[in-house]
Amino acid sequence: MANKLCEWIEDRTGLSKLLKAALDEPVHGGAKWSYIFGSGLVFLFVLQAVTGILMASYYSPSSTTAWGSVYYIQHKTSFGWFVRGVHHYGSSAMMIVALVHMFQVFIFGAYKRPRELNWISGVILLLFLAGFGLTGYLLPWDQKGYWATQVATNIMGTVPVIGKYIKILHQGGSDYGNFTITRFYTLHVFLLPISLVFFLFIHIALFRKHGVTPYWKMREDVLRDRVDPFWPDQIFKDIVFALGMYAALAGVVFWTRGAELQAPADPASNYLARPEWYFLFLFELLKYCQGKYLIVGTVIIPALALTFLFVLPFIDRNTSRYPSKRIPYFGAIFSGLTGAVVLTVLAMHHDSKDIHIIHQREEAEKQAARAVKLAEKGIPPTGALSIFLHDPIALGEKIFKESCIGCHKIGGEGGDNGPDFTNFGSREWIAGLLKNPKDAKYFKGSGAMPPIKLPDESLLDMAEFLLSQSVGLIHQNAERVERGKELVLKGNCVVCHPIGNKDLKKIAPNLTEYLSETWLKEFIRNPGDPKFYGTRNKMPGFDKLTENQLDALIQYLISLSKDRTLVSEKLGNRGYVFGLTAPRTMINFQDKS
Amino acid sequence: MENNRRKFLKIVSHSLGGVLAAGIAAPLVGLGIHPWLKETVYGTEDFINLGKLEDFPVGVPKKMNVTSSKMDAWNIFEGLVMGSVWVLRKEDDSLSVFSVNCPHLGCGINWGEDEKQFLCPCHEGVFDLNGKVLSGPPPRGLYSYETKIENNNVLINYKKLI
């Protein structure tokens, strides 16, 4: 039955004949591992296409929805992070394999007559690849993609006379917006793939016409007499290579937990843009071409390099493929390669030492994590950036800067009448307080509590126990809690501090649920309450803050430590409700003030 | 010998190719069927607040808009009017909340203050105060919703018609 069906299809289509013709290509000189790169690239292209098509079924190209849809792919679907990761690192893999392929073709002299057009179509394909990288980078509409692409479109703008118009055409206007995304999207998923397939077809057809170019030392008779069939001899090697690449890609994706998604693009921010690694050399080059020489880096050098690649088969007309006969060309190509490598390394080295870049990377990571947390509650239709505009933590920070920073320092900024709040409420912060309350970082001269003379580990145990009383301690360690409990309850702490009963009063603050959201709330309202500092108190109470302001301030204070998370977030509750654009808590707060 | 080698290579190539294809297809299928695995468009609240109990007069049905929020993949839409319902507060403060759509063909029904009946203008379906069919083509009484009162607020489960 199945056989009959196959025969019927074969009779009507000639499919297997076609397949046979495609696979039966004779490989002169024998199948070789050195021929795997071309088919490896075809494999990677197909991989990019299928992962890309699937992501396109979730992606929404507009300036208000792009980030949200990529966030959804990355964090809300089961395999989205993996598929996106494969697509992201797949682009780098394609670039690497394409460069290896190109240099191999160059070293083997496979660009020489009659294969000039193979070479030229290959260079065109390489340019398309760069185009894919450039257009794809912008699509998530995150900080990194947005600002790096700004550099690229500004480079377009430096082309004399027509630059301005090319730039507007690519951006879809004089500034970035919805049309920038729709245009980059159209290029990335329609124009570039169609063009690439067209040139790939030409490239492969020409390759089939002229056959492989083996190692230059292969003897003529071997080349003539040894013929392997493409299937299975060469395809076996190609499949092993493809499998190896996919395994490596999957490994990288797991290792890095997928491609990065930074916070939504903020046109008002001051972000130091960096392009993808394979454009870094061009980026670095621009540092040396400033002022009126800018055009040398943006247009002249790249244009010269490309022209050289395009005309190479016509200027190197010597029929010998021996490298020793092609020294000037080797010199040119490899000095270009060395230049690019040196510039790339310089750029990376510079960034790894630049304190602004390092700081920005840390900040960007924090922002990204925050954005993902906020997006969890839904992104308002006004766009991904609005999640930040109504972030209670941002409001809390504002209140802190208005009311608290006069006495409390954070990150080196602020007064020093009260304890330093850098890393406030972390295990380390509390252990430090226990170690020496009179330290300049804590209560200084006004501290009445004697230092606890225990090893650091024991102090950390005590901190673990104290923090474990409130929900939201990350990676709580049960053994430490037990040890800490023993130390706190059986030591001298309870002589001065009540613990276990919220309303009990002694001479020092009640430590029941120490630093929890409720504890902080009561404390900030009235630190002079007998259950806190009583008559010894020096901090003013902030009972004038509205409930919502106080909530925001506490969310901010808790966010200062990496050891703790907000209860509302830990439980996955919507602690506050978004209005059309603003959380209701914010609206209430504005009404009252 | 050479033929055997090639036969072997073919088998290995097929197997490796199969492993590769499966390795690529699995996550793609996993992503593709996401809408089977997880709700992508949904109301964020099970029970929607219609207002305070005292806002509803006893014995007279009152038409109320149902306002809630909707998650649409990554977006949240707040304050959306999802539809409207007829709310009847009874003497004992129990509630009946009816769908505004006639169970016949879905036309919007009105409350006739003079007749003290629900009337469907399309095919003259008539229902009494409790939603029971009195005359006309409707095959059943008015659809209603599960209700509850919490902190004096009237809440309905808008997801399920009874």
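In this text, all values refer to a predicted model and were calculated from it rather than measured experimentally.

Caption draft 1: Molecular detail of the nonpolar core. Residues F43(A), L44(A), L47(A), F106(A), W119(A) and Y246(A) are the most contacted members of the largest nonpolar core, which totals 55 residues. Of all the secondary structure elements, the ones that give two or more residues to this core are helix 3 (36-56), helix 5 (80-107), helix 6 (116-138), helix 9 (178-210), helix 11 (230-256), helix 13 (294-315) and helix 14 (327-353) of chain A together with helix 1 (2-32) of chain B. The leading source of residues in this core is helix 5 of chain A, at twelve residues. With near-sequence residues (within four places) excluded, L44(A) lies in contact with A93(A), M94(A), V97(A), M245(A) and L249(A).

Caption draft 2: Looking closely at the state of the cysteines. Within the structure shown, the criterion is met by one disulfide over all chains. Note that C107(B) is cross-linked by a disulfide to C122(B), the S-S spacing being 2.0 Å. Measuring handedness by torsion sign, the sulfur bridge of C107(B) and C122(B) sits at about -100° and is left-handed. Note that C107(B) is positioned in the loop between strand 5 (95-99) and strand 6 (110-112) and C122(B) in the loop between strand 7 (117-120) and strand 8 (125-127), a separation of 15 residues in sequence. A relative accessible area of 38% means that C122(B) is categorised as partly exposed. Of all cysteine sulfurs in the structure, the one in C404(A) sits closest to C407(A), which takes part in no disulfide; the separation is 8.7 Å. With no disulfide of its own, C493(A) has C496(A) as its nearest cysteine by sulfur position, at a separation of 8.9 Å.

Caption draft 3: Spatial organisation of helix 12 (residues 280-287) of chain A. Taken together, the buried positions of helix 12 of chain A are occupied by L280(A), F283(A), E284(A), L285(A) and L286(A). Turning to helix 12 of chain A, the residues buried within the fold contact helix 7 (143-157), helix 13 and helix 14 of chain A.

Caption draft 4: The arrangement of the pairing of strand 10 (residues 144-150) of chain B in detail. All names here are of chain B. Bridge analysis of strand 5 against strand 10 gives two bridges, and the strand direction is antiparallel. Residue pairing across strands places F98 opposite S144, the latter belonging to strand 10. Where strand 10 lies against strand 11 (residues 153-161), five bridges are found, and the strand directions are antiparallel. Residue pairing in the sheet places K148 in a bridge with L155 of strand 11.

Caption draft 5: Here's a closer look at the domain arrangement of chain A. With domains assigned, chain A is organised as domain 1 (25-363) and domain 2 (390-592). Taken over C-alpha atoms, the centre of domain 1 of chain A sits 51 Å from the centre of domain 2 of chain A.

Caption draft 6: Local environment of the interface of chain B and chain A. Listed by partner, the interface residues are 32 residues for chain B and 42 residues for chain A. Together, L31(B), W74(B) and E78(B) form the three largest contributors to the area buried by chain B at its contact with chain A, with a combined 27%. The interface formed by chain B and chain A contains three salt bridges. In this structure, D233(A) and R6(B) form a salt bridge, with 2.5 Å as the shortest nitrogen-oxygen distance. Summed over the shared surface of chain B and chain A, the number is ten residue pairs in polar contact (both at pLDDT 80 or more). Elements that contribute at least two residues to the side of chain B that touches chain A include exactly helix 1, helix 2 (34-37) and strand 4 (75-89) of chain B. The element best represented in the side of chain B that touches chain A is helix 1 of chain B, accounting for 18 residues. Its residues assigned to classes, the side of chain B that touches chain A comprises 16 nonpolar, ten polar and six charged.

Caption draft 7: The domain arrangement of chain B, seen in detail. Annotation of chain B at the domain level lists domain 1 (2-37) and domain 2 (41-161). Inter-centroid distance (C-alpha atoms) of domain 1 of chain B to domain 2 of chain B is 55 Å.

Caption draft 8: Structural detail: the confidence of the model for chain A. All names here are of chain A. Mean pLDDT for chain A: 88, with 95% of residues reaching 70 or above. The spread of mean pLDDT over the elements of chain A runs between helix 25 (residues 584-592), the lowest at 30, and helix 3, the highest at 97. The low-confidence segment residues 569-593, where pLDDT is below 50, has 50 contacts with residues more than four positions distant or belonging to other chains.

Caption draft 9: Highlighting the packing of aromatic side chains. Residues and elements named next belong to chain A. Applying the stated criterion across every chain, the model contains 39 aromatic pairs over all chains. Taking 5.6 Å as the distance between ring centres and 85° as the angle between the ring planes, the aromatic pair formed by F37 and F241 counts as edge-to-face. Here the residue F37 occupies a position in helix 3, and F241 occupies one in helix 11, the gap between them amounting to 204 residues. Look at F241 and you get buried, because its relative accessible area is 18%. Their ring planes at 80° and their centres at 5.4 Å tell us that W81 and F254 sit as a pair that is edge-to-face. With a gap of 173 residues between them, W81 in helix 5 and F254 in helix 11 connect regions that are remote in the sequence. In textbook terms, an aromatic cluster arises when at least three aromatic residues are bridged by ring pairs, as seen for F103, F106, Y111, W119, F330 and F334. Seen from the ring of F106, R326 lies directly overhead, with NZ or CZ sitting 5.4 Å from the centre.

Conventions and cut-offs
Residues numbered from 1 in each chain as written. Chains lettered and ligands numbered in written order. Predicted model: local features only at pLDDT ≥ 70, side-chain atom pairs only at ≥ 80, totals over all residues. Heavy atoms only, no water. Core = buried A, V, L, I, M, F, W, Y, C linked by side-chain atoms within 4.5 Å. Buried < 20%, exposed > 50% of the residue type's maximum accessible area, 1.4 Å probe, protein only. Helix = DSSP H or I, 4+ residues; strand = E, 2+ residues; numbered from the N terminus. Contact = heavy atoms within 4.5 Å. Disulfide = S-S within 2.5 Å. Pairing = 2+ DSSP bridges. Domains from an automatic or database assignment. Buried area = accessible area lost by both parts, 1.4 Å probe. Salt bridge = Lys/Arg side-chain N within 4 Å of Asp/Glu carboxyl O. Polar contact = N/O pair within 3.5 Å; in protein donor to acceptor, adjacent residues only side chain to side chain. Nonpolar A, V, L, I, M, F, W, Y, C, P; charged D, E, K, R; others polar. pLDDT = per-residue confidence, 0-100. Phe/Tyr/Trp six-rings, centres within 6.5 Å; stacked < 30°, edge-to-face > 60°. Lys NZ or Arg CZ within 6 Å of the ring centre and 35° of its normal.

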